[in-house]
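The primary structure of each chain is shown beneath.
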Amino acid sequence: MSRIGRLPITIPAGVEVKLEGREVSVKGPKGELSRTLAEGITVSEEDGTLTVSRPNDERESRSLHGLSRTLVQNMIIGVTEGYSKKLEIVGTGYRVLAKGSDLEFALGYSHPVPVKAPQGITFEVASATKLSVSGIDKQQVGEVAANIRKLRRPDPYKGKGVRYEGEQVRRKAGKAGK
């Protein structure tokens, strides 16, 4: 049996979970999320805890068991605490500006690069070289942060570009380094 899948999920105070067939809806202080689980995976609620179970021990059911439990857990964490990813910009002249709820990057191109905030995502600019992406959906926060990083990936020779906070960039020696 899946070690992750069989763990119970505790429902914190102030969170309302609604189960309708394969549809799981979670409502909390930060917002509301819903997800349709895979075929065969069932979720049951008992005494303030959720239990995820699978129909059989086939390979596909086993692989979806732990995944489904983690997705439900992430929804509960998202509506109570939320998720955020911090990014930093390294390079001379590279910076970010907040334009209302959107961002505008100067990343060494001949033009500024605008980034619109998707629904449910908020940007916070701490300084000209530090920003954070926040929201209640873990997958959406990670995707938006990855798309921002993709605008100018960290260069292996000089280390310039957009990177996650604390990310180690492997540096190359270049032509002169024998």
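## Remarks on the overall build of the protein chain
Within the protein chain, the regular secondary structure consists of two helices and 13 strands. The C-alpha atoms of the protein chain give 21 Å as radius of gyration, which overshoots the globular expectation for 178 residues (16 Å, by more than 25%). In terms of overall dimensions, the protein chain has C-alpha extents of about 60 × 45 × 25 Å along its principal axes. Going through the 178 residues of the protein chain one by one, you find that 34% of them count as buried. Considering only contacts in the protein chain between residues 6 or more positions apart, those separated by 24 or more positions represent 50%. If you sum the accessible surface of the protein chain, you get close to 11100 Å²; carbon and sulfur atoms cover 48% of it. Between the averaged position of the 30 positive side-chain charges in the protein chain and that of its 21 negative side-chain charges there is a distance of 14 Å.

## With respect to the side chain of Arg149
Tracing the sequence through the fold places Arg149 in helix 2 (residues 138–151). The exposure class of Arg149 is buried, given its relative accessible area of 19%. A polar contact of 2.7 Å, which involves the side chain of Arg149, links it to the side chain of Glu167. Once residues lying within four places of it in the same chain are set aside, the contact partners of Arg149 are Pro154, Val162, Arg163, Tyr164 and Glu167.

## Examining helix 1 (residues 59–80)
Here helix 1 is 22 residues long and its end C-alpha atoms lie 33 Å apart, about the 32 Å a rise of 1.5 Å per residue gives. Here the buried face of helix 1 lies against strand 1 (9–10), strand 3 (23–28), strand 4 (31–36), strand 6 (49–53), strand 7 (83–90) and helix 2. Of the residues flanking the end of helix 1, it is Gly82, one or two places downstream, whose phi is positive at about 85°.

## Quick look at the pattern of salt bridges
In this structure the tally under the stated criterion is six salt bridges. In this structure, Arg22 and Glu39 form a salt bridge, with 3.0 Å as the shortest nitrogen-oxygen distance. Taken together, the residues Arg22 in the loop between strand 2 (16–20) and strand 3 and Glu39 in the loop between strand 4 and strand 5 (42–46) connect sequence positions 17 residues apart. For the salt bridge of Arg54 with Asp57, the shortest nitrogen-to-oxygen distance reads 2.8 Å.

## Observations regarding the packing of aromatic side chains
All chains considered together, the criterion is met by zero aromatic pairs. Between the NZ or CZ atom of Arg152 and the centre of the ring of Tyr109, over which it lies, the distance is 4.3 Å.

The rules behind these values
- Residues numbered from 1 in each chain as written.
- Predicted model: local features only at pLDDT ≥ 70, side-chain atom pairs only at ≥ 80, totals over all residues.
- Heavy atoms only, no water.
- Helix = DSSP H or I, 4+ residues; strand = E, 2+ residues; numbered from the N terminus.
- Rg over C-alpha atoms; globule rule 2.2 N^0.38 Å.
- Buried < 20%, exposed > 50% of the residue type's maximum accessible area, 1.4 Å probe, protein only.
- Contact = heavy atoms within 4.5 Å.
- Areas by Shrake-Rupley, 256 points an atom, 1.4 Å probe, with all protein chains shown as cover.
- Lys, Arg positive; Asp, Glu negative; His and termini not counted.
- Charge placed at Lys NZ, Arg CZ, Asp CG, Glu CD.
- Polar contact = N/O pair within 3.5 Å; in protein donor to acceptor, adjacent residues only side chain to side chain.
- Expected span 1.5 Å × (residues − 1).
- Salt bridge = Lys/Arg side-chain N within 4 Å of Asp/Glu carboxyl O.
- Phe/Tyr/Trp six-rings, centres within 6.5 Å; stacked < 30°, edge-to-face > 60°.
- Lys NZ or Arg CZ within 6 Å of the ring centre and 35° of its normal.

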